[in-house]
Amino acid sequence: MRVHFVIHESFESAGAYLPWAATRGHNVSETHVYAGNAVPENADGFDMLVVFGGPQSPRTPLAECPYFDSKAEQRLIRQAIEAGRIVVGICLGSQLIGEALGAEVQQSPNKEIGHYPITLTAAGLEHPLFSHFGSPLTVGHWHNDMPGLTADTVILAESTGCPRQIVQYRDKVYGFQCHMEFTADAVEGLIQHSEQELAEAKGKPFIRSVEEMRAHDYREMNQKLWAFLDKLTQ
């Protein structure tokens, strides 16, 4: 399978998606947006598109962030969906899927940073791709916003801090507001870049300390993410 990653920042990473793709023998290509790479013009070169997170919003204009072309990414997402490709969005990526389908990004009720449990909804509990998750399941978080909902969107998981943690937009199209791809190295990259953000968020609900994030074992959620991806790509 040909898998294409869109990575927005040098301090954001594909995390657990990379070893998953490598151990399954998938062919991986990457767009590093922060380095000035343009996203593909169409979906011809991949079977699966994964759009990762970033500090931007789908509404961030080019004048504010010249290397982030939200409209181009949304066009690619729409083309991939129309071509029947698998599309997965994480955090900003999930919000971009929603915007591409006409659903406006919204602010989450709470900022979440660290690791907190998500709970599957009734639809999530019945969904064959998520039957192995268990509920609740502790996963990674690092966000202010949440994806918009179309009329057909199904919410599969929620949390106390955010009501839209995993959503299904279409067949083979999923948005994860949470970060099940986090590894110790991925989280460390975010910590190193986010000193000011973490200082400003200290004391708010749903904000873990740096020490707690560094000590957490992310492997269980990584394994459950891998099982989801295996089912999705069968």
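What counts and what doesn't
- Residues numbered from 1 in each chain as written.
- Predicted model: local features only at pLDDT ≥ 70, side-chain atom pairs only at ≥ 80, totals over all residues.
- Heavy atoms only, no water.
- Pairing = 2+ DSSP bridges.
- Helix = DSSP H or I, 4+ residues; strand = E, 2+ residues; numbered from the N terminus.
- Axes fitted to C-alpha atoms, helices over the stretch in contact; angles between N-to-C directions.
- Contact = heavy atoms within 4.5 Å.
- Buried < 20%, exposed > 50% of the residue type's maximum accessible area, 1.4 Å probe, protein only.
- Salt bridge = Lys/Arg side-chain N within 4 Å of Asp/Glu carboxyl O.
- pLDDT = per-residue confidence, 0-100.
- Expected span 1.5 Å × (residues − 1).
- Phe/Tyr/Trp six-rings, centres within 6.5 Å; stacked < 30°, edge-to-face > 60°.
- Lys NZ or Arg CZ within 6 Å of the ring centre and 35° of its normal.

For the protein, the name recorded in an unreviewed UniProt entry is Type 1 glutamine amidotransferase, with Kluyvera ascorbata as its organism.

A separate point is the sheet that holds strand β2 (residues 27-32). Ordered in space as β2-β1-β3-β4-β9-β8-β7-β5-β6, the 9 strands form an open sheet in which the pairing is mixed. The sheet terminates laterally at β2 and β6 (137-146), the two strands that pair on one side only. Between one strand and the next, the sheet's axes are offset by a mean angle of 20°, whatever the strand orientation. By the bridge criterion, 3 bridges tie strand β7 (residues 154-158) to strand β8 (residues 166-170) in an arrangement that is antiparallel. Along β8, the bridge assignment pairs Ile 155 with Val 167. Packed onto the sheet, helix α2 (residues 70-82) meets β1 (2-7), β3 (48-51), β4 (86-90), β8 and β9 (173-176) and runs at close to 150° relative to β3.

Quick look at the environment of Phe 68 now. Inspection of the secondary structure assignment puts Phe 68 in the loop between β3 and α2. With relative accessibility at 0%, the residue Phe 68 sits in the buried group. In the structure, Phe 68 is positioned 11 residues away from Ser 57 in sequence and 9.7 Å away in space, judged by C-alpha atoms. Once residues lying within four places of it in the same chain are set aside, the contact partners of Phe 68 are His 8, Val 33, Gln 56, Ser 57, Thr 60, Leu 62, Glu 73, Leu 92 and Leu 96.

Time to look at the pattern of salt bridges. Scanning the entire structure with this criterion turns up 9 salt bridges. For Glu 104, the salt bridge is made with Arg 59, and the minimal N-O distance between the two is 3.6 Å. Note that Glu 104 is positioned in the loop between α3 (92-100) and β5 (106-120) and Arg 59 in the loop between β3 and α2, a separation of 45 residues in sequence. Since its relative accessible area comes to 52%, Glu 104 is described here as exposed. Judged by its relative accessible area of 47%, Arg 59 falls in the partly exposed class. Here Glu 188 makes a salt bridge to Arg 214, at a shortest N to O gap of 2.8 Å. In this pair, Glu 188 is assigned in helix α5 (residues 184-193) and Arg 214 in helix α7 (residues 210-215), connecting sequence segments 26 residues apart. A single network of salt bridges, built from pairs that share partners, joins Arg 59, Glu 99 and Glu 104.

Quick look at the confidence of the model for the protein now. Averaged over every residue, the pLDDT of the protein is 98; residues scoring 70 or more account for 100%. Of all secondary-structure elements in the protein, the lowest mean pLDDT belongs to helix α6 (residues 195-201), at 96, while β3 reaches the highest, 99.

Moving on, we come to α2. Counted at 1.5 Å a residue, the expected span for α2 with its 13 residues is 18 Å, and the 18 Å between its end C-alpha atoms agrees. Regarding α2, the residues found buried are Ser 70, Ala 72, Glu 73, Gln 74, Leu 76, Ile 77, Ala 80 and Ile 81. Tucked into the core, α2 has its buried residues touching β1, β3, β4, α3, β8 and β9. Trailing α2 by a residue or two, Gly 84 shows a phi angle of about 80°, which is positive.

We now examine the packing of aromatic side chains. Going through the model one piece at a time under the given rule, you end up with 10 aromatic pairs. Ring centres of Phe 130 and Phe 176 lie 6.3 Å apart, and the angle between their planes is 40°; this geometry places the pair in the tilted category. Here the residue Phe 130 occupies a position in the loop between α4 (122-126) and β6, and Phe 176 occupies one in strand β9, the gap between them amounting to 46 residues. Like Phe 130, the residue Phe 176 is buried in the burial classification. Aromatic rings pair up to connect Phe 130, Phe 133, Tyr 174, Phe 176 and Phe 228 into one cluster. When the ring centre of Tyr 116 is taken as reference, the NZ or CZ atom of Arg 208 above it lies at 4.3 Å.

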